[in-house]
Amino acid sequence: MTTALLLAGCGTSGVSGVPALRAAIGSSLAGAKGKTVEDQNRIDRTVAPGCAVEFYTPAECDRHTKASAERRAELK
């Protein structure tokens, strides 16, 4: 009984489900607006892990890769 009560108390509150988590990860870069190469690096470093663990779909990762390359070309 004690074990069941302890396990029941071990949960999370706040973020509820994948959509909220995706929103948090996708918009958590305060100040990075893609206006500089360093901004774009910060954005890419945030997206890359999500792509690596298949958090984002392959299509989303491809779209980001293409958009990042285009933005980098504009910043040169």
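So, a few notes on the structure that sits alongside this text.

A word on the overall build of the protein chain
Summing up its helical and strand segments, the protein chain has four helices and zero strands in all. Along the protein chain, helices (α) and strands (β) appear in the sequence α-α-α-α when read from the amino end. Burial analysis of the protein chain (76 residues in total) assigns 16% to the buried set. Sequence-distant contacts in the protein chain: of pairs separated by 6 or more residues, those separated by 24 or more amount to 49%. Only carbon and sulfur atoms are counted for the fraction: they give 61% of the accessible area of the protein chain, which is about 5800 Å².

Examining helix H3 (residues 37–52)
Here H3 is 16 residues long and its end C-alpha atoms lie 22 Å apart, about the 22 Å a rise of 1.5 Å per residue gives. Taken residue by residue, H3 has Asp-39, Gln-40, Ile-43, Asp-44, Val-47 and Gly-50 as its buried positions. Burial along H3 is one-sided: seen end-on, the buried residues are contained in an arc of 125°. Away from its buried face, by an angle of more than 90 degrees, H3 presents the exposed residues Arg-45 and Ala-52. In the core, the buried residues of H3 are packed alongside helix H4 (58–75).

Section: the environment of Asn-41
For Asn-41, the position within the fold is in helix H3. In this structure, the C-alpha to C-alpha distance between Asn-41 and Ser-68, residues 27 residues apart in sequence, is 9.1 Å.

Remarks on the pattern of salt bridges
If you walk through the whole model with that rule in mind, you get four salt bridges. Across the pair Asp-39 and Arg-42 runs a salt bridge whose closest N-O atoms are separated by 3.9 Å. Linking Asp-39 with Arg-42, this pair stays in helix H3, spanning three residues, or about one helical turn. For Arg-42, a relative accessible area of 28% translates into the label partly exposed.

Things to note about the state of the cysteines
A full pass over the atoms with the stated rule returns one disulfide. What pairs with Cys-51 in a disulfide is Cys-61, and their sulfur atoms sit 2.0 Å apart. Taking the sign of the S-S torsion, -110° for the link of Cys-51 and Cys-61, the bridge is left-handed. One end of the pair, Cys-51, is in helix H3; the other, Cys-61, is in helix H4, and 10 residues separate them in sequence. Relative accessible area serves as the criterion here: at 24%, Cys-51 is assigned to the partly exposed category. Residue classification places Cys-61 among the buried residues on the basis of a relative accessible area of 12%.

Conventions we followed
- Residues numbered from 1 in each chain as written.
- Predicted model: local features only at pLDDT ≥ 70, side-chain atom pairs only at ≥ 80, totals over all residues.
- Heavy atoms only, no water.
- Helix = DSSP H or I, 4+ residues; strand = E, 2+ residues; numbered from the N terminus.
- Buried < 20%, exposed > 50% of the residue type's maximum accessible area, 1.4 Å probe, protein only.
- Contact = heavy atoms within 4.5 Å.
- Areas by Shrake-Rupley, 256 points an atom, 1.4 Å probe, with all protein chains shown as cover.
- Expected span 1.5 Å × (residues − 1).
- Arc of directions from axis to C-beta.
- Salt bridge = Lys/Arg side-chain N within 4 Å of Asp/Glu carboxyl O.
- Disulfide = S-S within 2.5 Å.

So yeah, pure geometry; function would need other evidence.
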